[in-house]
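# Survey of secondary and tertiary structure
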Amino acid sequence: MSETLDMRPEPKAEKVSDLRENFKKGIFLISMLLLLVATFQLYFSIERIIEIWFEHQYIPIFRAIYNFLVLIASLYIIKLYIVKR
């Protein structure tokens, strides 16, 4: 008889809360995936812009500057993430 008492159905509020949390996690995951795709597209678009706008001999210089800025921004974001933990 005590086993049947332990197998009570979850209250409706808990089910709705779990569903809401799963929905929020799903939306967050989709948003992060879209952000990743957009970031890669932006990176390669800027690479292409550098090829179009600048003279052939200056392209490596501007690519180096651009990649350095991307590196600095990435390290800053990683630092914020590690410090936050």
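Residues numbered from 1 in each chain as written. Predicted model: local features only at pLDDT ≥ 70, side-chain atom pairs only at ≥ 80, totals over all residues. Heavy atoms only, no water.

### Focus: the UniProt feature "transmembrane region" (unreviewed entry) in the protein
As annotated in UniProt, the feature "transmembrane region" (unreviewed entry) corresponds to residues 26-44 and 64-82 in the numbering used here. When the span residues 26-44 is considered, its composition is 100% helix and 0% strand, and the gap between its end C-alpha atoms is 28 Å. Helix makes up 100% of residues 64-82 and strand 0%. Its end C-alpha atoms lie 27 Å apart. (UniProt positions renumbered as here; feature names shortened; annotations may be inferred. Helix = DSSP H or I, 4+ residues; strand = E, 2+ residues; numbered from the N terminus.)

### Digging into the confidence of the model for the protein
Mean pLDDT over the protein works out to 84, with 85% of the residues at or above the 70 mark. Across the protein, helix α3 (residues 59-84) holds the top mean pLDDT of 90, while helix α1 (residues 2-6) sits lowest at 53. (pLDDT = per-residue confidence, 0-100.)

### Things to note about the pattern of salt bridges
The full count for this structure, using the stated rule, is three salt bridges. A salt bridge links R63 to E47; its shortest N-O distance comes to 2.8 Å. Within this pair, whereas R63 is found in helix α3, its partner E47 is found in helix α2 (residues 12-53), the two being separated by 16 residues in sequence. Since its relative accessible area comes to 26%, R63 is described here as partly exposed. Note on E47: relative accessible area 12%, which makes it buried. Between R63 and E51 there is a salt bridge whose closest N-O contact spans 2.4 Å. Taken together, the residues R63 in helix α3 and E51 in helix α2 connect sequence positions 12 residues apart. Each member of the salt-bridge network shares a partner with another, and the members are E47, R48, E51 and R63. (Salt bridge = Lys/Arg side-chain N within 4 Å of Asp/Glu carboxyl O. Buried < 20%, exposed > 50% of the residue type's maximum accessible area, 1.4 Å probe, protein only.)

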